[in-house]
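Structural features, examined
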Amino acid sequence: MGINIAVKKGRWNTYFSRSRSDISVSREGIQEPEEEGHRVPVKAELPASDPPVSDPPKLSGHQLDVVDCHCHHGRMPAPFTGAMNAAALDSRPALVPVTISGGCLVYGMEEARIPMRLESGLVIAKGIHLKEAYRATRADVAATMSMCNSKGWAVGEIDLDYSTKEHHPQQKFILAEFFRRVDPSSNMVLHLRGADEDSCSRVPTQDCITLSDGLGVSIQAPIYLHCFLGGPAQIKLWIDTGRPVFFGVSGRVRSMLDTQQEGVRAIPQDRIMVETDSPYLTCGVGRPMTPKHIGKVYQLVATLRGESAVHLAEAVTRNFCTFFAKQLGQKR
């Protein structure tokens, strides 16, 4: 069953004020800030009261129609043929059965098992993964961008993951090289993660915003923050850029800190995405994680936000169609 594509044509809203950055960026290089400049205190604008969290919302009698906004099929134990056939990938029963009507298949620079044909509702994103970034070059970025442009794929994922103890300058270099090449129609999938002491990813968030502003990335270029772990302050920083930014919530919701949970509640309804990040982030189902168990993630996220899983699924599908309008439009 495919997604019913209904995407509005027109410009993105850009009525928010732009944010300032603390990193000096030019097309010739990146100048690091003083140590204190990394952390920018922002007072988050929270709702007057958080929605109540009660018992998990009950799914209706029929299976929920959902999308998995981010999964790595190239790293699955079983080969992927281009159809979201969960049974072929996972024989375990789903804790929350759903009908998967679409999703984004994410591939790294060195992954070659990309299906030639996709069922309706599936799209592809290709980037340079964290584990590839330390040996990637400017030519690799150019080749990846050329492939994405020629095939109509989304760009990503691209990482700023400071939980690793090394390769931070190389990650910034690779991200900057992508930013130099994107145009207003390029939709990018990014993964930002702070060091252990930076649970809400304040530092990579500020670094990423500063790079995009300094390198002149079009304010119309959509950004999808996969596996978002920030709080309300980080959401406000992104919204204030005026960019069309979407926030992906994964199975990590089970172990989030209080501030991160406040962040999930604070994501606007028209910006939220839900993902498995398969085969990672098991969400209580054991390894490997597969899209078959995306229903459990929807149920956990809906519970935390105090809304029905049906309402959340409808919003995520609309947002998925909006962010991937370029890719889905080419399938029509």
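Residues numbered from 1 in each chain as written. Predicted model: local features only at pLDDT ≥ 70, side-chain atom pairs only at ≥ 80, totals over all residues. Heavy atoms only, no water.

1. Quick notes on the side chain of Gln234
Just so we agree on the cut-off: For helices the rule is a DSSP run of H or I covering at least 4 residues; for strands it is a run of E covering at least 2, with both sets numbered from the N terminus onward. Residues are treated as being in contact if the distance between any of their heavy atoms lies within 4.5 Å.
By the secondary structure assignment, Gln234 is in helix H6 (residues 232-240). Apart from residues lying up to four places away in sequence, Gln234 is in contact with Cys200, Ser201, Arg202, Thr205 and Phe228.

2. With respect to the packing of aromatic side chains
Rules: Working definition: a ring pair exists when centres of Phe, Tyr or Trp rings (six-membered ring for Trp) sit within 6.5 Å. Plane angles under 30 degrees give stacked, over 60 give edge-to-face, the rest tilted. Think of it in three bands: with a 1.4 Å probe and only protein chains considered, a residue is buried below 20% of the maximum accessible area for its type, exposed above 50%, and partly exposed in between.
This model, assessed by the stated rule, comprises five aromatic pairs. For the ring pair Phe246 and Phe323, a centre distance of 5.7 Å and an interplane angle of 70° mean the geometry is edge-to-face. In this pair, Phe246 sits in strand S9 (residues 245-249) while Phe323 sits in helix H9 (residues 309-323), placing the two residues 77 residues apart along the sequence. Assessed through its relative accessible area of 2%, Phe323 is described here as buried. Judged by centre distance (4.7 Å) and plane angle (90°), the ring pair of Phe323 and Phe324 falls under edge-to-face. Members of the aromatic cluster, joined through ring pairs, are Tyr224, Phe246, Phe320, Phe323 and Phe324.

3. Let's talk about the pairing of strand S4 (residues 98-107)
What counts, and what does not: Paired strands, in this sense, are two strands between which DSSP finds at least two bridges.
Counted residue by residue, S4 has nine buried out of ten residues, so it is predominantly covered. With six bridges connecting them, strand S3 (residues 64-71) and S4 associate as parallel partners. Bridge assignment links Asp65 to a residue of S4, and that residue is Thr99. Strand direction decides the pairing type here: S4 and strand S5 (residues 122-128), joined by five bridges, are parallel. When the bridges of S5 are listed, Leu105 appears paired with Ile124.

4. So, the packing of helix H7 (residues 258-266) against helix H8 (residues 294-305)
Where we set the bar: Only the stretch in contact is used when fitting a helix axis, every axis being a line fitted to C-alpha atoms; angles between N-to-C directions are given from 0 to 180 degrees. Here the word oblique covers every angle except those under 35 degrees (roughly parallel), over 145 (roughly antiparallel) and from 65 to 115 (roughly perpendicular). Polarity classes work like this: nonpolar for Ala, Val, Leu, Ile, Met, Phe, Trp, Tyr, Cys and Pro, charged for Asp, Glu, Lys and Arg, and polar for all others, with Gly in that last group.
Interaxial distance between H7 and H8 falls to 9 Å at its minimum, and their mutual angle equals 90°. On the basis of their axis angle, the class for H7 and H8 is roughly perpendicular. In this structure, H7 contributes Gln261, Val264 and Arg265 to the contact, and H8 contributes Val301, Leu304 and Arg305. Within the contact of H7 with H8, the residues separate by chemical class into three nonpolar, one polar and two charged.

5. Let's talk about the pattern of salt bridges
Going by this rule: A carboxyl oxygen of Asp or Glu within 4 Å of a side-chain nitrogen of Lys or Arg is what we treat as a salt bridge.
On inspection of all chains with the given rule, the structure shows nine salt bridges. Between Arg180 and Glu177 there is a salt bridge whose closest N-O contact spans 2.8 Å. Of this pair, Arg180 and Glu177 both sit in helix H4 (residues 168-181), three residues apart, which is roughly one turn of that helix. Residue classification places Arg180 among the partly exposed positions, given a relative accessible area of 26%. Accessibility expressed as a relative area gives 2% for Glu177, which makes it buried. One salt bridge connects Asp213 with Arg243, and the closest N-O pair in it is separated by 3.1 Å.

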